[in-house]
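# Overview (structure and organization)
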Amino acid sequence: FTGDIGAIADGSDVPVMAKYSLSDKLEIGARITLGVLNENADALNTVVVGAKQGLGENSAVSVNLLAPIGGAEDPGLALGYMMSTTCPITGLTLNNHLQVGLLKGHAAKGIGIDLLIEPVKPLGEKMVGYLDILVATNTDDIGGAYLAINLNPNVEFMLNETTMINAGVFIGLAGDSKA
């Protein structure tokens, strides 16, 4: 990330993701983060593989493994709980994801804690807008050095039934570790 909007291309990562549904309730996927636009990152910066198991109509658990490849020196393990609700005031769908990060790849000390609150707004048949609110911290220093509160407005455009493009920006709102 870059704190200078004029140098946004110098601080951007390029995530490439794919997922595959094994059944109605089980998905597997991978996310490769390329640092090709980030002078401070390796060209192949991170590789994460994971799975999501549906629990009910609106909830799931997730597990992700960060491989010690590229810019990631240590492995990481993240366990999460996801749920989707409808806001009674706006009628918007709210996706929520609480995740704990274990091992040094996700938390050098303590346990990493991430919370995503994601209002979802359809913008026609092929576009969806998201206003991600991300809160991250660590049990080692909850309100201190590890705290990050970020806003990530982004738009997803469906190219076809299996391919989407998502673009957005991260805006650091508060905390020592904000974007």
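Right above here is the structure, for reference.
Residues numbered from 1 in each chain as written. Predicted model: local features only at pLDDT ≥ 70, side-chain atom pairs only at ≥ 80, totals over all residues. Heavy atoms only, no water.

### Brief notes about the pattern of salt bridges
- Counting across every chain of the model gives two salt bridges.
- Here Lys19 ties to Glu27 by a salt bridge, and the two come within 3.8 Å at their closest N and O atoms.
- Judged by its relative accessible area of 60%, Lys19 falls in the exposed class.
- Classification of Glu27 as buried rests on a relative accessible area of 19%.
- Among the ionic pairs, Lys52 bridges to Glu27, the shortest N-O distance being 3.6 Å. Here Glu27 lies in strand 2 (residues 26-34) and Lys52 lies in strand 3 (residues 44-54), a separation of 25 residues in the sequence.
- Here the salt bridges do not stand alone but share partners, grouping Lys19, Glu27 and Lys52 into one network. (Salt bridge = Lys/Arg side-chain N within 4 Å of Asp/Glu carboxyl O. Buried < 20%, exposed > 50% of the residue type's maximum accessible area, 1.4 Å probe, protein only. Helix = DSSP H or I, 4+ residues; strand = E, 2+ residues; numbered from the N terminus.)

### Let's talk about the pairing of strand 4 (residues 59-67)
- Here strand 3 runs beside strand 4; their pairing, made up of eight bridges, is antiparallel. Residue Gly54 lies in a different strand from strand 4, and its bridge partner there is Ala60.
- Counted along the chain from strand 3 to the antiparallel partner strand 4, the turn is four residues long. (Pairing = 2+ DSSP bridges.)

### Some words on the pairing of strand 7 (residues 112-122)
- The sheet contact formed by strand 6 (residues 93-102) and strand 7 spans nine bridges and is antiparallel. Bridging from a neighbouring strand, Val100 pairs with Ile113 of strand 7.
- Here strand 7 pairs with strand 8 (residues 127-138) via nine bridges, running antiparallel. Counterpart to Lys121 in the pairing with strand 8 is Gly129.

### Some words on a nonpolar patch on the surface
- Together, Leu123, Met127, Val155, Phe157, Leu159 and Ile165 make up an exposed nonpolar region whose accessible area comes to about 470 Å².
- Position of Phe157 among the secondary structure elements: in strand 9 (residues 148-158).
- Residue class for Phe157 comes out partly exposed when judged on its relative accessible area of 36%. (Patch = residues over 30% accessible without salt bridge, like charges linked within 9 Å, V, L, I, M, F, W, Y side chains within 5 Å. Areas by Shrake-Rupley, 256 points an atom, 1.4 Å probe, with all protein chains shown as cover.)

### Observations regarding unusual backbone geometry
- Not every positive phi belongs to a glycine, and Leu103 is a case in point at roughly 70 degrees.
- Among the residues examined, Leu103 registers a relative accessible area of 49% and is labelled partly exposed.

Geometric values such as these leave the question of function open.
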